[in-house]
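Residues per chain are reported as follows:
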2 protein chains.
Amino acid sequence: MEVGKSIVRVDAFDKVTGRTKYTDDLCDASAYVAKILHSTIAHGRVLSIDTTEAEKIEGVVKVVTCFDLGEYKNYFPTAGHPWSTDPGHQDVADRLLLTDEVKFYGDDIAAVVAENEVAANQAIRALKVEYEEYPVVTDVLEAIKDGAPQIHKNYPNNILKHTSISKGNYAEAIKEEGLTVVDRWYETPTVQHCHIENFICYAYAEGKRVTVVASTQIPHIGRRVVGQALGIPWGDVRIVKPYIGGGFGNKQDILYEPLCAFLSLKVGGHLVKLDCSREETFVANRVRHGIKFHIISHLRKDGTYAARKIEIFSNQGGYASHGHSIAAKGLGCFPQLYPCDNIEGDAYTVFTNRPVAGAMRGYGIPQAMFAVESHTEDVAKIMGIPSIEFRLKNLMPVGFKDGFSKNVNYYDTFRQCIEKAKAYMDYDNKLKEYSNQTGRIRKGVGMAVFWYNTAVWPISLESSSSRLVLNQDGSVSLQLGETEIGQGADTAFSQMAAEAIGIRVEDVHVVSCQDTDVTPFGTGAYASRQTYVGGFSIAKTAGLLKKKILDYAYILTNMPPEITDIKNGMIVRTTDNMELISLKDLATEALYSTSDSRHITAEATAQIKSNAYSFGCCFAEVEVDIDMCKAKLVKIINVHDCGKLINPALAKAQVEGGMSMGIGYALSEIQLVDEKTGKVLNDNFLDYKLSTAMDHPHLETAFVENPEPTSPFGTKSLGEPPVCPVAPAIRNAVMQATGVGVNEIPLRPAKLFEYFDKAGLLK
Amino acid sequence: MEVGKSIVRVDAFDKVTGRTKYTDDLCDASAYVAKILHSTIAHGRVLSIDTTEAEKIEGVVKVVTCFDLGEYKNYFPTAGHPWSTDPGHQDVADRLLLTDEVKFYGDDIAAVVAENEVAANQAIRALKVEYEEYPVVTDVLEAIKDGAPQIHKNYPNNILKHTSISKGNYAEAIKEEGLTVVDRWYETPTVQHCHIENFICYAYAEGKRVTVVASTQIPHIGRRVVGQALGIPWGDVRIVKPYIGGGFGNKQDILYEPLCAFLSLKVGGHLVKLDCSREETFVANRVRHGIKFHIISHLRKDGTYAARKIEIFSNQGGYASHGHSIAAKGLGCFPQLYPCDNIEGDAYTVFTNRPVAGAMRGYGIPQAMFAVESHTEDVAKIMGIPSIEFRLKNLMPVGFKDGFSKNVNYYDTFRQCIEKAKAYMDYDNKLKEYSNQTGRIRKGVGMAVFWYNTAVWPISLESSSSRLVLNQDGSVSLQLGETEIGQGADTAFSQMAAEAIGIRVEDVHVVSCQDTDVTPFGTGAYASRQTYVGGFSIAKTAGLLKKKILDYAYILTNMPPEITDIKNGMIVRTTDNMELISLKDLATEALYSTSDSRHITAEATAQIKSNAYSFGCCFAEVEVDIDMCKAKLVKIINVHDCGKLINPALAKAQVEGGMSMGIGYALSEIQLVDEKTGKVLNDNFLDYKLSTAMDHPHLETAFVENPEPTSPFGTKSLGEPPVCPVAPAIRNAVMQATGVGVNEIPLRPAKLFEYFDKAGLLK
């Protein structure tokens with residue numbers, strides 16, 4: 001069994017010895033350097049750009065402004081979604097390579113290509129821009145108002161999209177006698193992904209074709225978007241993805257691949273590198289949507305919901321990017337996690353003059369879970385019911401089936417996860433112990449559950465192709481469209497391939513660097529889809545490869561495929577487990593046989609028309625210094641049911657990473673924007689308070705392994721879930737400690753001061 | 001029809017604009033530089049190498065001598081032949097990465113890895129070597145004698161291999177009354193390939209695997225040989241082949257890929273570059289076998305052969321490399337070109353203390369044709385029969401079938417080729433005109449035919465795999481194991497793929513850079529095999545791809561595959577030629593369909609169990625300055641029947657290149673070796689007289705297109721043939737001009753002086 005083992009990552013040795021090559025390591029020193037001129041207003045129009053001085057600077061090769069696009073003026077979408085031939089399912093095409101219509105402070109209005117970075121930076125500074133300025137709006141509830149500045153044409157009230165859900169009859173249901181109404185607002189901040197490796201790419205032309213080597217999660221989608229942006233056939237674009245230093249969704253958007261390709265074409269196909277600084281990454285890449293939630297619950301005395309309502313206002317920033325999908329996903333989970341007969345919900349995604357929001361780990365669910373699980377805690381408290389008891393009473397029951405996704409809750413998984421976490425936390429005792437505290441330092445415990453689903457079907461296409469090649473020595477090379485971005489996907493894929501073929505994982509050579517010219521199609525790293533979807537693809541392709549191997553074994557051993565199998569790299573007769581020939585010898589003979597030479601390979605596409613729930617919980621213990629308005633996390637555990645673990649050690653690592661991100665989300669991280677100018681105030685790691693190991697207690701992880709029946713390897717999503725329940729668990733722990741429910745994260749001192757002061761704690 | 005058109009090479013734009021990346025362009029500047037210490041004796045043993053001073057030089061990272069191989073002391077073969085699981089068919093494994101047993105002047109005895117080239121060169125010079133010297137033998141007829149210095153153990157008389165052919169009864173046949181006996185020796189020189197790009201490679205490790213990026217004709221074979229040399233699983237080796245600046249067979253040997261990989265492993269997997277200088281290329285790569293031929297013909301008065309005999313003595317140099325194959329190929333053609341009932345033949349391949357001989361364009365046939373076609377001319381002259389008439393009487397007849405290869409001469413192709421050439425040359429008139437000359441400047445015409453066959457079946461495996469991918473825009477990516485090395489193979493492959501699929505050649509994107517991790521298996525560029533063998537593979541794979549496309553078209557159009565086809569990128573209904581849907585729209589829909597998503601690709605192996613003759617002739621006119629002993633070529637034409645032309649312009653270019661190489665072979669090129677020391681005397685382009693455009697008259701080419709029935713595209717070999725008939729045609733022209741048959745090439749002044757003087761022309 002190669003699946004289920006905590007093998008060392010296949011890329012571990014090179015990564016710890018510094019040998020792994022990332023995009024910048026691969027770019028030749030002869031590359032020209034591209035720099036972007038970002039707007040210094042948040043809303044307006046570029047009237048002119050004087051390039052005279054910039055062009056005089058030695059080493060400057062080309063200056064291109066928003067007025068120089070010519071044939072390349074094509075509006076294109078940037079979201080990392082599979083394409084759809086149905087225009088109604090296509091992403092909004094609202095970006096230009098460079099624009100004169102500024103939508104946020106930092107928009108791309110010109111670019112310089114120079115022989116070196118110094119000249120490029122000098123030239124950027126030498127560009128003189130004249131703007132016509134428009135009024136700026138940065139708050140989502142202001143932007144939606146009548147009379148607010150209009151950011152995009154054809155989007156009245158700046159609403160990119162509005163969707164609703166409805167079940168039963170909310171208006172009637174709330175008339176029921178004796179209902180307790182809990183009506184609250186919750187707010188989550190804009191944060192940035194903060195992957196270690198900033199976005200970087202380089203581009204060059206070969207013949208009429210353009211190649212972009214990019215730090216991306218989505219090489220095959222990138223091919224299509226670059227084609228759309230440049231207005232050239234998509235087959236004329238080649239995207240190469242080397243090792244990636246993290247993405248977390250920021251690189252699930254097409255960022256500057258099209259611009260870099262365009263700049264290369266503008267200098268005759270010469271190699272051009274575009275390397276985002278950290279400051280640019282914060283401002284001109286993507287951020288997590290800041291969302292305001294309004295939840296109204298109507299409860300019966302027995303602690304059941306009579307009716308529930310939710311309103312979601314998602315701050316999109318200047319361009320559509322992933323658009324409404326994030327808010328819609330948050331809305332979608334609302335009626336599932338705590339089913340209720342009467343539900344109403346509305347989600348609005350609203351343009352503002354802020355940095356563009358896109359995909360980020362969790363894709364709306366960390367936001368929704370903060371709102372829903374804070375609200376759940378508030379409701380339980382108001383109803384006087386222990387919150388875990390309240391949850392278990394109202395959570396989706398075993399056997400629940402969602403009508404849209406067809407997802408089924410097959411196991412009593414919430415209870416199982418909660419029991420594990422409770423035991424680790426000694427929750428019941430602590431809950432009692434911390435229930436009536438006074439004094440400056442107070443402790444509290446809190447928890448939250450989360451809802452997540454795996455992959456994007458049935459909203460979008462789920463399709464994954466892979467190719468397996470039997471090498472001369474019986475080892476196997478594996479190519480697939482799914483993408484290693486630092487999370488360990490290659491290791492999981494190798495284990496699944498080894499398992500499915502019947503060989504040792506050491507004998508699987510995964511081709512990590514992807515190249516759209518040769519890599520089978522897959523949509524890439526997002527939606528916690530890869531282990532699930534890639535698993536189908538690997539299982540299917542491995543089956544085809546195995547069939548070809550056993551067919552050849554028939555030639556060499558006379559034993560028909562019906563009674564042979566591959567085990568531990570040997571062809572065995574299944575009737576008596578006799579080892580007939582090694583796969584190594586078979587592989588060599590198959591390739592070099594002068595009577596019957598075959599290069600044994602297999603390739604297949606798996607289209608996935610299922611999805612799977614992925615559940616779990618977080619329990620947190622905090623220590624709050626009331627006077628200092630500081631909340632300190634002292635103990636935390638995440639428990640996940642992501643089905644069967646492919647690699648427990650990697651799963652643990654992935655959960656730890658998600659918890660770390662959740663801790664920052666809960667306690668310290670927020671992108672601050674000057675409301676008047678739209679300028680980001682903390683575009684660096686000094687001012688942006690990223691959560692680090694220094695801010696963490698020990699991160700405890702545990703798993704409940706209920707095998708997912710729809711998955712060939714029994715697995716389901718784990719990449720994004722860990723971040724989802726952390727912030728509400730910490731917020732609820734602070735509430736237990738202090739009695740104050742803080743409805744806005746992060747729970748930084750400034751915010752706690754506001755709430756504690758209001759609650760009279762600081763007298 | 002995309003086949004048969006003179007389209008511009010697919011790589012033309014990048015090559016003429018200098019954008020094409022060759023190995024050195026791709027190597028990162030951080031690479032360590034490796035340099036090799038070559039022996040300064042031709043035969044002996046290294047007693048010691050003092051590395052002390054070398055290691056002190058700043059920038060030197062590692063010095064490795066022949067005594068430091070340790071676990072890497074594995075004897076390996078270097079020939080670019082497919083492997084065989086039959087030990088009797090495996091190449092001789094007589095090379096070590098570095099050796100203390102010196103076999104030729106320039107053998108590899110130590111290597112230095114340094115941070116830069118200067119330090120590496122300094123360190124090489126600082127190494128102090130003690131040798132034990134053995135006697136040196138460089139002449140093939142001396143080396144074969146009893147008592148000659150023995151170069152390899154277990155090879156008595158230095159004979160690497162001896163093979164014989166026999167037909168009828170030679171000993172009896174020569175007793176026939178009234179036979180004219182012509183008994184002559186002929187000798188061809190050692191020459192070097194002189195590709196523009198010297199051999200270069202660089203290596204680095206990833207995990208336990210090692211990658212070598214190399215200027216090679218045979219990436220998949222290289223993978224195996226590096227595995228053998230390092231004693232590691234072949235799947236742990238990855239070979240990448242970028243664009244190549246020519247090979248001509250030198251890069252059909254594994255040269256320094258194993259050493260470079262070894263040196264990288266010795267420095268912890270760091271990037272190491274090994275770049276051969278021109279001097280090293282001449283001495284320590286491979287050369288063409290110098291061969292001495294002894295031919296005895298017994299002729300009846302009617303100009304028919306009663307019996308024929310040939311002896312071949314091939315100078316192998318210090319190591320086996322391609323071994324006896326070259327001499328054996330020359331021997332093999334002897335009974336086929338001019339069939340005779342009584343034939344005897346012997347070929348000996350003999351080790352000497354000279355640079356190692358390996359594959360070179362023509363693989364023994366340029367040598368054999370010089371001997372055979374000079375001899376044919378000599379015989380015709382002696383018999384008093386016009387030589388063309390003599391040839392046509394004795395050449396293999398239409399319908400001739402070789403018992404071993406099963407090749408059939410389907411057409412009266414020799415006559416057709418000769419007629420074309422005669423017409424261009426005004427041969428009959430000139431023959432008359434030049435028949436009785438006196439004076440210092442004399443003119444002459446001469447001609448020669450040649451025999452060639454295509455690919456290596458049935459001597460070795462012929463197997464070729466390819467993969468086709470339908471891109472999102474209806475274009476197709478093509479990968480195959482066959483190798484572009486400058487000859488234009490990618491263009492021919494693209495045309496064949498376009499033709500077989502039914503799309504425009506512009507919509508085929510051939511993946512030129514090969515990578516053994518992802519490129520389908522193929523044995524590479526040699527034996528003029530690729531258009532023939534690759535054609536089968538492309539035809540087979542294209543058929544599979546087309547089937548998948550038409551199956552999908554059935555879903556979209558309801559028209560079953562039985563009545564649909566692809567024409568000009570459109571799916572058409574064959575019954576009425578109605579265009580149903582474009583391949584572009586089909587491709588996009590197939591990939592993104594949420595009901596049935598498929599990444600349409602196809603991959604197949606074609607094993608070829610056939611071969612094909614490829615014939616033609618060369619006619620030359622010369623002007624000889626008797627007093628100056630100078631022969632000047634004034635007019636030349638090659639006529640080839642290589643079946644159907646895939647790309648006439650490229651075919652023409654390939655013939656011109658071969659003619660140029662043949663002209664140098666005839667008139668100026670020879671590797672001079674000091675007989676006593678074994679040292680090469682002209683290891684550079686000042687002293688080695690490479691034929692250039694300055695030495696050429698206009699090169700005329702013509703074709704006879706008899707479609708080859710065994711080939712899916714009607715084509716057969718053209719890569720090597722053009723060089724084969726040139727030297728004897730020129731030699732025969734000189735004989736017509738002067739009456740002197742010079743039996744040793746090149747016909748340089750020193751040699752002509754010797755012959756002219758002997759013939760009394762210089763009195």
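Going by an unreviewed UniProt entry, chain A carries the name Xanthine dehydrogenase molybdenum-binding subunit XdhA and comes from Lachnoanaerobaculum orale.

Novice: Would you explain the sheet that holds strand β16 (residues 343-351) of chain A in this entry?
Specialist: The strands that make up a sheet pair up through hydrogen bonds in the backbone, lying either parallel or antiparallel. Residues and elements named next belong to chain A. In space, the five strands of this open sheet follow the order β7-β16-β15-β14-β8, with mixed pairing throughout. Single-partner strands in this sheet number two, and they are β7 (159-167) and β8 (180-188). For this sheet, the mean inter-axis angle between neighbouring strands, taken without regard to orientation, is 10°. Here strand β14 (residues 290-299) pairs with strand β15 (residues 305-317) via ten bridges, running antiparallel. Across the sheet, His 294 pairs through a bridge with Glu 311, a residue of β15.

Novice: Sorry if this is basic, but what is going on with the domain arrangement of chain A here?
Specialist: It is common to report an interface's size as the accessible area lost on association of the parts. Residues and elements named next belong to chain A. As far as domains go, chain A holds domain 1 (13-134 + 199-275), domain 2 (287-456 + 611-758) and domain 3 (463-607). Taking only C-alpha atoms, the centre of domain 1 and the centre of domain 2 are 35 Å apart. Each partner contributes to the interface: domain 1 provides 20 residues, whereas domain 2 provides 20 residues. Inspection of the region where domain 1 meets domain 2 yields zero salt bridges. Linking domain 1 with domain 2 are eleven residue pairs in polar contact (both at pLDDT 80 or more). For the side of domain 1 that touches domain 2, the residue count by class is six nonpolar, eight polar and six charged.

Novice: Could you clarify how one ought to interpret unusual backbone geometry in this entry?
Specialist: Glycine aside, a negative phi is what most residues show, and trans is what most peptide bonds show. Residues and elements named next belong to chain A. Residues Trp 457 and Pro 458 are joined by a peptide bond in cis, for which omega reads 5°. The phi torsion at Lys 406 lies on the positive side, around 65°, for a residue other than glycine. Lys 406 sits in the exposed class, given a relative accessible area of 53%. One non-glycine residue, Ser 528, lies in the positive phi region at around 45°.

Novice: I tried to follow the relation of the copies chain B and chain A on my own but got confused; where do I start?
Specialist: The two chain copies are related to each other by a rotation about an axis together with a translation along it. When chain B is brought onto chain A, the operation consists of a screw motion whose angular component is 180° and whose axial shift is 0.0 Å, with 0.0 Å RMSD remaining. Taken together, the rotation and translation relating the two chain copies correspond to the operation of a two-fold axis. For chain B, the smallest separation between a C-alpha atom and the rotation axis is recorded for Asp 28 of chain B, amounting to 3.3 Å. Interface overlap between copies: 100% of the residues of chain B at the interface are likewise at the interface in chain A, consistent with a symmetric, same-surface contact.

Novice: How should I be thinking about helix α8 (residues 257-266) of chain A in this particular structure?
Specialist: Each α-helix winds once per 3.6 residues, and so residues spaced three or four apart point in a common direction. All names here are of chain A. Across the ten residues that make up α8, a large majority, eight, are buried. Regarding α8, the residues found buried are Glu 257, Pro 258, Leu 259, Cys 260, Ala 261, Phe 262, Leu 263 and Ser 264. The positive-phi residue at the C-terminal boundary of α8 is Gly 268, with phi of around 70°.

Novice: Can you help me understand the state of the cysteines in this one?
Specialist: Throughout this description, disulfide means a covalent bond between two cysteine sulfur atoms. For the structure shown, the criterion picks out zero disulfides over all chains. Sulfur of Cys 201 of chain A: no disulfide; nearest cysteine sulfur belongs to Cys 260 of chain A and is 3.7 Å away. The closest cysteine sulfur to the non-disulfide-bonded Cys 618 of chain B is located on Cys 617 of chain B, 7.5 Å from its own sulfur. Note on Cys 618 of chain B: relative accessible area 0%, which makes it buried.

The rules behind each value
Residues numbered from 1 in each chain as written. Chains lettered and ligands numbered in written order. Predicted model: local features only at pLDDT ≥ 70, side-chain atom pairs only at ≥ 80, totals over all residues. Heavy atoms only, no water. Pairing = 2+ DSSP bridges. Helix = DSSP H or I, 4+ residues; strand = E, 2+ residues; numbered from the N terminus. Axes fitted to C-alpha atoms, helices over the stretch in contact; angles between N-to-C directions. Domains from an automatic or database assignment. Contact = heavy atoms within 4.5 Å. Salt bridge = Lys/Arg side-chain N within 4 Å of Asp/Glu carboxyl O. Polar contact = N/O pair within 3.5 Å; in protein donor to acceptor, adjacent residues only side chain to side chain. Nonpolar A, V, L, I, M, F, W, Y, C, P; charged D, E, K, R; others polar. Buried < 20%, exposed > 50% of the residue type's maximum accessible area, 1.4 Å probe, protein only. Least-squares fit on C-alpha atoms with pLDDT ≥ 70 in both. Disulfide = S-S within 2.5 Å.

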